[in-house]
Amino acid sequence: MIVITGATGTVGRPLLHTLAAQGAKLTAVARHPAGLPDGVRPFAADLADLETVRPALDGADTLFLLLAGDLLVDAGDPDALLKVVAAAGVRRVVLLSSQGARTRPDAPSHARLKAYEDAVTRTDLDWTLLRPGGFATNSYAWAPSVRAERLVAAPFGDVALPVVDPADITAVAAAVLTEPGHTGRAYELTGPTAVSPREQAAALADALGEPVRFVELNRAEAKAAMTRFMPEPVAEGTLSILGEPTDDERRVSPDIADVLGRPARSYAEWAAANVDAFR
């Protein structure tokens, strides 16, 4: 039995569908699980409330651990959660972390993910860490303005980072959860080339077959927009990566290709596959 937490999100939901299609026995954990594939056991639980987590792990040998919301800031106890996981008989944990947990472990935006990484790696469990960079799907925040005005507004227009297609994260997670050889590994997941917000707007324009105008936001304007859907420390840390990335954060990782045996998908490929959201 594989337990998938964060089962209704950007990575969790497609991961459930991928594994269900492979015939895996699955439990989907979310605060409000819904819209799940046939045969998947839904379980409502909150990772910050360990009494709700224990029964969700019944019969499980593998856990995909995805954290979101207040768990990224101050909720929950990483070591206590991993003790519950081990006591339930789970032997394998795959943690979806973030590149920033390695590159900015002391930043308020990523310190909690680093704490969960440390808790996982301190256990006797078989573990694997997945550390994606920025998601290509963050571009969905531009969809309303692209549909209405053919406009992308974003900060740091010419700072390029190798954003990753979440479909590649899902594919790597599925491989790591079902194949041997990944224990004790930490994979950094990036796209195949760095691409700036201005270049992303151009890729959307190519996919649409119409011009898309780019307008550069200042940092304060961008933060105001981001804090509408993420905690303030996470927004601040994200802006620091977007505006002042380290050399490591600019680096293209080979790990997706190494795990999947094919190149990571480019932002342009992501835009072409998801262009209907911007029409």
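Residues numbered from 1 in each chain as written. Predicted model: local features only at pLDDT ≥ 70, side-chain atom pairs only at ≥ 80, totals over all residues. Heavy atoms only, no water.

## Quick look at the nonpolar core
If you look at the biggest cluster of nonpolar residues, it comprises 39 residues, and the most contacted ones within it are L57, L63, L65, L67, L82, V85 and V93. Those elements that place two or more of their residues in this core are β4 (62-66), α3 (78-87), β5 (92-96), α5 (111-122), β6 (126-132), α9 (219-226) and α10 (232-243). The next biggest cluster of nonpolar side chains, apart from the first, holds 29 residues, and it includes L19, L26, V176 and Y187. (Core = buried A, V, L, I, M, F, W, Y, C linked by side-chain atoms within 4.5 Å. Buried < 20%, exposed > 50% of the residue type's maximum accessible area, 1.4 Å probe, protein only. Helix = DSSP H or I, 4+ residues; strand = E, 2+ residues; numbered from the N terminus.)

## So, helix α8 (residues 197-208)
The terminal C-alpha atoms of α8 lie 16 Å apart, and with twelve residues this matches the ideal 16 Å at 1.5 Å per residue to within 8%. Residues P197, Q200, A201, A203, L204, A205 and L208 constitute the buried set of α8. Packing partners of the buried residues in α8 comprise α6 (143-149), β7 (151-155), β9 (213-217) and α13 (267-273). Looking one or two residues beyond α8, the residue adopting positive phi is G209, at roughly 75°. (Expected span 1.5 Å × (residues − 1). Contact = heavy atoms within 4.5 Å.)

## Considerations on the side chain of S240
Within the fold, S240 resides in helix α10. A polar atom in the side chain of S240 sits 3.1 Å from the side chain of R219. Those residues within four positions of S240 in sequence are excluded, and the remaining contacts are R104, R219 and P245. (Polar contact = N/O pair within 3.5 Å; in protein donor to acceptor, adjacent residues only side chain to side chain.)

## Observations concerning the pattern of salt bridges
In total, this model carries 18 salt bridges according to the counting rule given. A salt bridge links D276 to R279; its shortest N-O distance comes to 3.1 Å. Accessibility expressed as a relative area gives 62% for D276, which makes it exposed. (Salt bridge = Lys/Arg side-chain N within 4 Å of Asp/Glu carboxyl O.)

## Quick word on the sheet that holds β6
Spatially, seven strands are ordered β3-β2-β1-β4-β5-β6-β8 in an open sheet, and the strand pairing comes out parallel. Edge strands, defined here as strands with exactly one partner in the open sheet, are β3 (41-44) and β8 (185-189). The mean inter-strand angle of the sheet, taken between neighbouring strand axes irrespective of direction, is 15°. Bridge count for strand β2 (residues 26-30) against β3 is four bridges, and the pairing is parallel. (Pairing = 2+ DSSP bridges. Axes fitted to C-alpha atoms, helices over the stretch in contact; angles between N-to-C directions.)

## A few points about the packing of aromatic side chains
Inspection of every chain in the model, using the stated rule, returns four aromatic pairs. Judged by centre distance (5.9 Å) and plane angle (20°), the ring pair of Y140 and F278 falls under stacked. Of this pair, Y140 sits in the loop between β6 and α6 while F278 sits in the segment after α13, and the two are 138 residues apart along the sequence. Judged by its relative accessible area of 0%, F278 falls in the buried class. Seen in terms of ring centroids, Y267 and W270 are 5.5 Å apart; in terms of plane orientation they differ by 40°. Their pairing is tilted. Linking Y267 with W270, this pair stays in helix α13, spanning three residues, or about one helical turn. Judged by relative accessible area, W270 falls into the buried class, the value being 2%. Aromatic rings pair up to connect Y140, Y267, W270 and F278 into one cluster. (Phe/Tyr/Trp six-rings, centres within 6.5 Å; stacked < 30°, edge-to-face > 60°.)

## A closer look at the side chain of D255
In this fold, D255 is placed in helix α12 (residues 255-260). For the buried D255, no salt bridge exists, and the shortest N-O distance to an oppositely charged side chain is 5.5 Å, to R185. Polar contacts involving the side chain of D255 include one to the main-chain amide nitrogen of E188, which spans 2.8 Å. In contact with D255, not counting residues within four places along its chain, are A186, Y187, E188 and L189. (Lys, Arg positive; Asp, Glu negative; His and termini not counted.)

## Some remarks on the environment of A264
The residue A264 is located in the loop between α12 and α13 in this model. Owing to a relative accessible area of 11%, A264 belongs among the buried residues under this scheme. Remark: the alpha-carbon pair of A264 and L189, spanning 75 residues in sequence, is separated by 8.6 Å. Each residue touching A264, except ones within four places of it in the same chain, is listed here: D168, T190, G191, P192, I256 and E269.

## Let's talk about helix α7 (residues 166-178)
In this model, α7 (13 residues) spans 18 Å end to end at C-alpha, consistent with the 18 Å of a helix rising 1.5 Å per residue. For α7, a buried count of ten out of 13 residues is recorded, marking the element as mostly surrounded by other parts of the structure. Taken together, the buried positions of α7 are P166, D168, I169, T170, V172, A173, A174, A175, V176 and L177. Looking at where α7 begins, the residue whose side-chain oxygen comes 2.8 Å from the main-chain nitrogen of A167 is D165.

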